[in-house]
Amino acid sequence: MRNQITGGGGHARGPRVVVLTGEGERRSLPLVSSVTIGHDADACDLVVATAGVARRHARLIPLDDGVAVRDLRTRLGTFRNGRRLVSPERLEDGDVITVGDVELRYDASSRPRPRPRHRPPSAEQAVEGPAPARDAGAPDTVAPGAG
């Protein structure tokens with residue numbers, strides 16, 4: 001039976017899993033909310049229609065500071081880095097989750113970085129000093145198509 005994997009393909013920023021299969025298929029799935037993995041298209045966000053995958057097999061759960069993986073009490077189990085899960089576990093960047101014969105790699109590096117509170121001066125400003133003060137009576141100008 002050929003692996004069939006559906007779901008994902010989004011380009012949102014943030015943590016994600018990359019689906020890897022023996023057939024070279026790759027699909028990226030952003031983890032913006034809980035993701036249920038299994039072979040039931042009506043009950044799962046990431047459908048893996050292959051041997052060894054339960055109807056509802058595992059769940060990826062975003063946390064405030066990362067993502068956890070949980071096996072949904074399947075007979076064949078869910079594995080993290082080759083070790084069978086016995087309880088939910090927090091994922092580390094690069095961890096491999098195995099469901100049936102499909103591997104998912106957790107990518108935390110896509111997580112958006114916080115913006116700095118202030119913008120550091122440009123090289124010109126650092127050398128020349130701050131820009132001249134604007135006339136308080138002058139109107140603000142916005143370039144066409146901006147803002």
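Refer to the structure above for everything that follows.
About the cut-offs
- Residues numbered from 1 in each chain as written.
- Predicted model: local features only at pLDDT ≥ 70, side-chain atom pairs only at ≥ 80, totals over all residues.
- Heavy atoms only, no water.
- Helix = DSSP H or I, 4+ residues; strand = E, 2+ residues; numbered from the N terminus.
- Buried < 20%, exposed > 50% of the residue type's maximum accessible area, 1.4 Å probe, protein only.
- Core = buried A, V, L, I, M, F, W, Y, C linked by side-chain atoms within 4.5 Å.
- Contact = heavy atoms within 4.5 Å.
- Pairing = 2+ DSSP bridges.

S.K.: Looking at this structure, how should I read the overall build of the chain?
M.R.: Tallying secondary structure elements over the chain gives 1 helix and 12 strands in all. The order of helices and strands in the chain, counted from the N terminus, is β-β-β-β-β-β-β-β-β-β-β-β-α. Burial status across the chain gives 33% buried among its 147 residues.

S.K.: Looking at this structure, I do not really get the nonpolar core. What am I missing?
M.R.: When a protein is soluble and globular, its nonpolar side chains tend to lie buried together. With 20 residues, the main nonpolar core has Ile-37, Leu-46, Leu-60 and Leu-104 as its most contacted residues. Contributions of two or more residues to this core are made by β2 (16-20), β4 (35-38), β5 (46-49), β6 (58-63), β7 (66-71), β11 (96-99) and β12 (102-107). Here this core gets 3 residues from one element, more than from any other, and that element is β12. When residues no more than four places from it in sequence are discounted, the contact partners of Ile-37 are Cys-44, Leu-46, Val-48, Arg-56, His-57, Ala-58, Leu-60, Val-99 and Leu-104.

S.K.: What should I look at first to understand the pairing of β4 in this one?
M.R.: On a regular strand, one side chain projects to one face of the sheet and the next to the other, so that they alternate. The side-chain alternation of β4 yields two buried faces, one formed by Val-35 and Ile-37 and the other by Thr-36 and Gly-38. Note: β4 against β6, 3 bridges, orientation antiparallel. In the strand pairing of β6, Thr-36 is matched with Arg-59. Sheet topology note: the β4/β5 ladder contains 2 bridges and is parallel. Bridge pairing links Ile-37 to Leu-46 in β5.

S.K.: When you look at the sheet that holds strand β3 (residues 26-30) in this model, what are you seeing that I'm missing?
M.R.: Within a sheet, neighbouring strands are paired by backbone hydrogen bonds and run either parallel or antiparallel to one another. Taken in spatial order, the 6 strands line up as β3-β2-β12-β11-β8-β9 in an open sheet, and their pairing is antiparallel. At either end of the open sheet lies a strand with only one pairing partner, and these are β3 and β9 (83-84). Looking at chain direction, β11 and β12 are connected through 4 bridges and run antiparallel. Note on β12: the bridge partner recorded for Val-96 is Arg-105.

S.K.: It is not clear to me how the environment of Tyr-106 should be interpreted in this structure. Could you clarify?
M.R.: Within the fold, Tyr-106 resides in strand β12. Exposure remark for Tyr-106: the relative accessible area of 2% places this residue in the buried category.

S.K.: I'm lost on the environment of Thr-98 in this one. Help?
M.R.: Within the secondary structure, Thr-98 sits in strand β11. Sequence-wise, Thr-98 and Val-19 are 79 residues apart; in three dimensions their C-alpha atoms are separated by 9.9 Å. Ignoring anything within four residues of it in the chain, the contact list for Thr-98 reads Gly-77, Thr-78, Phe-79 and Glu-103.

S.K.: In this structure, what is going on with the side chain of Thr-36? I would like to understand it.
M.R.: Take Thr-36: it is sitting in strand β4. Classification of Thr-36 by relative accessible area gives buried; the value is 7%.

S.K.: Please explain unusual backbone geometry as it appears in this structure.
M.R.: With glycine set apart, most residues show a phi of negative sign, and most peptide bonds adopt trans. Phi is positive for Arg-73, which is not a glycine, with a value near 55°. One non-glycine residue, Asn-81, adopts positive backbone phi at about 50°. Within the secondary structure layout, Asn-81 lies in the loop between β8 (78-80) and β9.

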